[in-house]
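Commentary on secondary and tertiary structure
For reference, the chains in residue letters:
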Amino acid sequence: MTSSPKRNAKSGFATRAIHFGYNAQDYHGALNPPLFLTSTYGFESSMDGSDRFAGEAQGYIYHRVGNPTVSILEKRLAELEGGEAGLATSSGMGAITAAFWTLLKSGDEVIADKTLYGCTFSLLQHHLVKFGVTVKFIDMSTPDELTKVMNDKVKIVYCETPANPNMRLIDIAAISEICAPFETTFIVDNTYCTPYLQRPLELGADMVVHSATKYLGGHGDLLAGAVVASQEMIDQVRYVGIKEMNGAMISSFDAFLILRGLKTLQLRMDRHCQSAMSLAHDLERHDAVERVYYPGLASSPFHRLANKQMSQFGGMIALELKGGLDAGRAFMDELELVTSAVSLGDAETLVQHPASMTHSTYEPEERERHGITDGLIRISVGLEDYDDIQADILSALSTL
Ligand SMILES: *Cc1c(COP(=O)(O)O)cnc(C)c1O
């Protein structure tokens, strides 16, 4: 298959995740994209060098602004998200900070949903404000809340859906519509879903960011991030945010590993979703469990919205036990197969306690205001046999 966009546009998701943006015949027939390990690139002449810098000649210059292995990944991610262009970064936080630094200046406002990944929250709440940016947190799961506070100074509207860690969902199409009359960039962190389950750009968002450390890489062996948006915005984030502000360029080896991970993204996500659905049902039925937060459950207040904007419900579950935090800690310590660890989207099933781990960047009263309870436990359902995951979790719950 060639990388002709026309032909690929008709291919299915898995086919594009395996083939798009790479033509083996351009690289001696090598079926796997080659790994380019070079920091710099020789120019054909001094004139060629200045032309490349001026953007008037094609060609790589220096790794921080581009690398052939990384370019293949960027094209593929853009295609899968339904965006014009992509940018791969050395971490999810590298992607998020590059976008923020590029789009904001002192005096601007950011409006974000109240539940965010811990370090994203801290960036907004504790650090961006030092540079004269005003940040407001609202409950974006009620879109009217945004209508009330939207104004011309708002340069970024930001959310995760489902939100890490409490699984609140935000109506991407409704938020896009409210943003449309303003000169603002609506950014969605699509880490939990990947483009296989949800494509925010097709629902009206302007930019998607990812922690590729999670499902996109999928094997817990690297740290990476991505941004997908219009070509114009990606050029800005690359040449300002990455090149001159945070330098968070991905290594070509990590790009190579993500290209490898993408080949099984669909297979892995199908399995994550199937096992998470089974586990959500098993947990909901259990006496020791107070509440399960999973958009695939009919009892979820977000079930209808999930059916509207996601193709399946994902591999992440949050729950509260009847015994609160103490029961949660005891539960985590009883697990044998399931590992207590942060991160998510790996082959291994992982369990963690947001209030003391990923979301400890929130002050206790901030957690309360932002809806992250002390008793909340987060599970990233892995790829092991479901029977084994079920047996381990039920056995730990039976000790409570
Ligand atoms: C992990 C995570 C991030 C940060 O990504 P890193 O790759 O760890 O820098 C951002 N957003 C979400 C939703 C995450 O889960």
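Procedures and definitions
Residues numbered from 1 in each chain as written. Predicted model: local features only at pLDDT ≥ 70, side-chain atom pairs only at ≥ 80, totals over all residues. Heavy atoms only, no water. Domains from an automatic or database assignment. Contact = heavy atoms within 4.5 Å. Buried area = accessible area lost by both parts, 1.4 Å probe. Salt bridge = Lys/Arg side-chain N within 4 Å of Asp/Glu carboxyl O. Polar contact = N/O pair within 3.5 Å; in protein donor to acceptor, adjacent residues only side chain to side chain. Helix = DSSP H or I, 4+ residues; strand = E, 2+ residues; numbered from the N terminus. Nonpolar A, V, L, I, M, F, W, Y, C, P; charged D, E, K, R; others polar. Near = heavy atom within 4 Å. Areas by Shrake-Rupley, 256 points an atom, 1.4 Å probe, with all protein chains shown as cover.

**Looking at the domain arrangement of the chain**
Often, the extent of an interface is quoted as the loss of accessible area upon association of its parts. Domain parsing of the chain yields domain 1 (13-262) and domain 2 (266-398). The centre of domain 1, based on its C-alpha atoms, is set 26 Å off from the matching centre of domain 2. Each side of the interface is counted separately: domain 1 has 42 residues, and domain 2 has 38 residues. It is L169, L197 and Y215 in domain 1 that bury the most area against domain 2; as a group they hold 23% of the surface buried on that side. Counting across the domain 1 and domain 2 interface gives one salt bridge. A salt bridge links K308 to D171; the shortest N-O distance between them is 2.9 Å. If you look at where domain 1 meets domain 2, you find 20 residue pairs in polar contact (both at pLDDT 80 or more). Within the residue set of the side of domain 1 that touches domain 2, elements represented by two or more residues are α2 (13-19), α6 (118-127), α9 (194-197) and α11 (252-262). Considering each element in turn, the side of domain 1 that touches domain 2 owes the most residues, six residues, to α6. Tallied by class, the residues present in the side of domain 1 that touches domain 2 amount to 21 nonpolar, 17 polar and four charged.

**Focus on the site of the ligand**
Surveying the vicinity of the ligand reveals 13 residues, the closest of which are G92, D189, S211, T213 and K214. Between an oxygen atom of the ligand and a main-chain N or O atom of G92, the distance comes to 2.8 Å. D189 is positioned such that a nitrogen or oxygen atom in its side chain is 2.7 Å from a nitrogen atom of the ligand. Surface burial for the ligand is 93%, taken as the share of its 380 Å² of free accessible area covered by protein chains. Considering each element in turn, the shell around the ligand owes the most residues, three residues, to helix α5 (residues 92-103). Counted by class, the shell around the ligand contains five nonpolar, six polar and two charged residues.

**Details of unusual backbone geometry**
Note the cis peptide between T161 and P162, where omega equals -10 degrees. For the bond from N164 to P165, the omega torsion is 15 degrees, close enough to zero to count as cis. By the secondary structure assignment, P165 is in the loop between β4 (154-160) and α8 (172-179). Phi at T194 takes a positive value of approximately 65 degrees, unusual for a residue other than glycine. Positive phi, close to 75 degrees, is recorded for S343, a residue that is not glycine. By the element assignment, S343 lies in the loop between β10 (339-340) and β11 (350-352).

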